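Per-entry structural report
If you want the building blocks of each chain, they are given just below.
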Amino acid sequence: MEVDFISKFMDTKLTVMTNNPPLDHLAIIMDGNGRWAQKHGQPRVAGHQRGVETVVRVVDECVLQGIRFLSLFAFSSENWGRPRDEVDALMSLLLQFLASQRQRMLDDGVRLRVIGDLSRLSVPVQSALVDVEKETATGRNLTLILALSYGGRDEIMRAAKKIAQSALDGDLDINKLDNKTFSGFLDTGDIPEPDLLIRTSGEIRLSNFLLWQSAYAEFYFTDVLWPDFDAADLRIALEDYRKRKRRFGLTDDQLEDV
Ligand code: IPE
Ligand code: IPE
Ligand code: MG
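Here the structure is a predicted model, which is why all the values come from computation and not from measurement.

What to know about the overall build of the protein chain
Scanning the protein chain from N- to C-terminus turns up nine helices and six strands. Expected size for 258 residues packed as a compact globule is a radius of gyration near 18 Å; at 20 Å, the protein chain falls within 12% of this value. Reported as C-alpha extents along the three principal axes, the dimensions of the protein chain are approximately 70 × 60 × 35 Å. Sorting the 258 residues of the protein chain into buried and exposed places 43% on the buried side. In the protein chain, the proportion of contacts linking residues at least 24 apart, taken out of those at least 6 apart, comes to 77%. Carbon and sulfur atoms make up 53% of the accessible area of the protein chain, which amounts to about 14200 Å² in all. One way to put it: in the protein chain the 32 positive side-chain charges average out to a point 3 Å from where the 40 negative ones average out.

Structure (structure tokens):
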């Protein structure tokens, strides 16, 4: 009985080791700033401030872990509906983040990319983003993708409009439109799909993040509020992911043949 158990356990361990799925792209829904602030008797903006510190920690850890793409959901298309003061505070924090992290990104080989409907952002915010994107364009270690004024449905809708226009212009044969071509029209065009998607703060939903791209992502939900999330929490999530078996609709036997 005991031997059976051990051998079974060993098998499992072996499978776990052989699985060890690669992690190129980590996506995070950074949630819980407001609740963190409330818990500490502070205004919501204090939670967002602490949230920015977490971003810096997580970016560092991703560089250390050799992760190539990190997507952070920073401001959703629906977040425009929040009180004006909060939206303004978030935009100032973004500008401060760009100014304070610019040099660090250059030193660490971090390349900034922004996705979302940027036309809704103020001109100073747009130009600060474009500047840092240009400056860091040669960063080779980590691509940091900030989703700002971003909604998955909005992104898919904008892609559909671009596709229709391209067909009308005679540049695209609609009969040749497939998943790959469609993906190319999304804001994430040249970015691989997320392998792991983490959401903090105990909410178990996507809230309109990377809807198309997450079709086969692994999900990890934690109760930790974003301002409290640290490198150790991230490592626990990565460890959990490494034990998973991704089948992509196939059978185990088929996967073993690959
Ligand atoms: C996430 O924290 C940050 C943004 C959405 C900008 P929240 O502000 O949503 O925090 P909670 O969910 O109210 O705690
Ligand atoms: C999702 O969080 C958006 C970001 C993390 C930027 P929300 O706090 O806006 O999501 P809901 O409203 O709880 O679904
Ligand atoms: Mg929230």
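Here's the deal with unusual backbone geometry
Positive phi outside glycine occurs at S207, with the angle close to 45 degrees. Along the polypeptide, S207 turns up in the loop between β5 (196-199) and β6 (218-221). Of note in the backbone geometry, N208 takes a positive phi value of approximately 75 degrees without being a glycine. If you trace the backbone, N208 turns up in the loop between β5 and β6. Its relative accessible area of 14% is what places N208 among the buried residues.

A closer look at empty space enclosed by the protein
Under the defined criterion, the tally for this structure stands at one cavity of 30 Å³ or more. Within this model, the largest cavity holds a volume of roughly 80 Å³. Lining of the largest cavity is provided by V56, V59, D60, F97, Q101, R104, M105, D108, V110 and L144. Among the elements that make up the lining of the largest cavity, the one with the highest residue count is helix α4 (residues 84-108) (five residues).

Points about the environment of D252
Structurally, D252 can be placed in helix α9 (residues 252-257). Once residues lying within four places of it in the same chain are set aside, the contact partners of D252 are K245 and R247.

Looking at the site of ligand 2
Taken together, the neighbourhood of ligand 2 is formed by I29, M30, D31, F73, A74, F75, N79, R82, R199, R205 and S207. Here R199 contributes a side-chain N or O atom positioned 3.3 Å from an oxygen atom of ligand 2. Within the side chain of R205, an N or O atom sits 2.8 Å from an oxygen atom of ligand 2. Protein coverage of the free-state accessible area of ligand 2, which is 400 Å², stands at 77%. Looking at the shell around ligand 2 residue by residue, the class counts come to five nonpolar, two polar and four charged.

Quick look at the site of ligand 1
As a matter of local geometry, ligand 1 sits amid M30, D31, G32, N33, G34, R35, R44, H48, A74, N79, R82 and L90. D31 has a polar side-chain atom sitting 2.9 Å from an oxygen atom of ligand 1. Backbone polar atom of G32 to an oxygen atom of ligand 1: 3.4 Å apart, as the coordinates give it. Here ligand 1 has 380 Å² of accessible area as a free molecule, and 86% of this is covered by the chains.

Brief notes about the UniProt feature "binding site: Mg(2+)" (unreviewed entry) in the protein chain
Mapped onto this structure's residue numbering, the UniProt feature "binding site: Mg(2+)" (unreviewed entry) falls at D31 and E218. Within the annotated group just given, the residues that line the largest pocket are D31. Mapped onto the secondary structure, D31 falls in the loop between β1 (25-29) and α2 (33-39). Owing to a relative accessible area of 17%, D31 belongs among the buried residues under this scheme. Not counting chain neighbours up to four residues away, the residues in contact with D31 comprise R199, T200, S201, E203, L225 and W226.

Calculation notes
Residues numbered from 1 in each chain as written. Chains lettered and ligands numbered in written order. Predicted model: local features only at pLDDT ≥ 70, side-chain atom pairs only at ≥ 80, totals over all residues. Heavy atoms only, no water. Helix = DSSP H or I, 4+ residues; strand = E, 2+ residues; numbered from the N terminus. Rg over C-alpha atoms; globule rule 2.2 N^0.38 Å. Buried < 20%, exposed > 50% of the residue type's maximum accessible area, 1.4 Å probe, protein only. Contact = heavy atoms within 4.5 Å. Areas by Shrake-Rupley, 256 points an atom, 1.4 Å probe, with all protein chains shown as cover. Lys, Arg positive; Asp, Glu negative; His and termini not counted. Charge placed at Lys NZ, Arg CZ, Asp CG, Glu CD. 1 Å grid on protein atoms, 1.4 Å probe; cavity = no way out; pocket = protein on both sides within 12 Å on 5 of 7 lines; lining within 4 Å. Points joined across faces, edges and corners; volume = space filled by probe spheres on them. Near = heavy atom within 4 Å. Polar contact = N/O pair within 3.5 Å; in protein donor to acceptor, adjacent residues only side chain to side chain. Nonpolar A, V, L, I, M, F, W, Y, C, P; charged D, E, K, R; others polar. UniProt positions renumbered as here; feature names shortened; annotations may be inferred.

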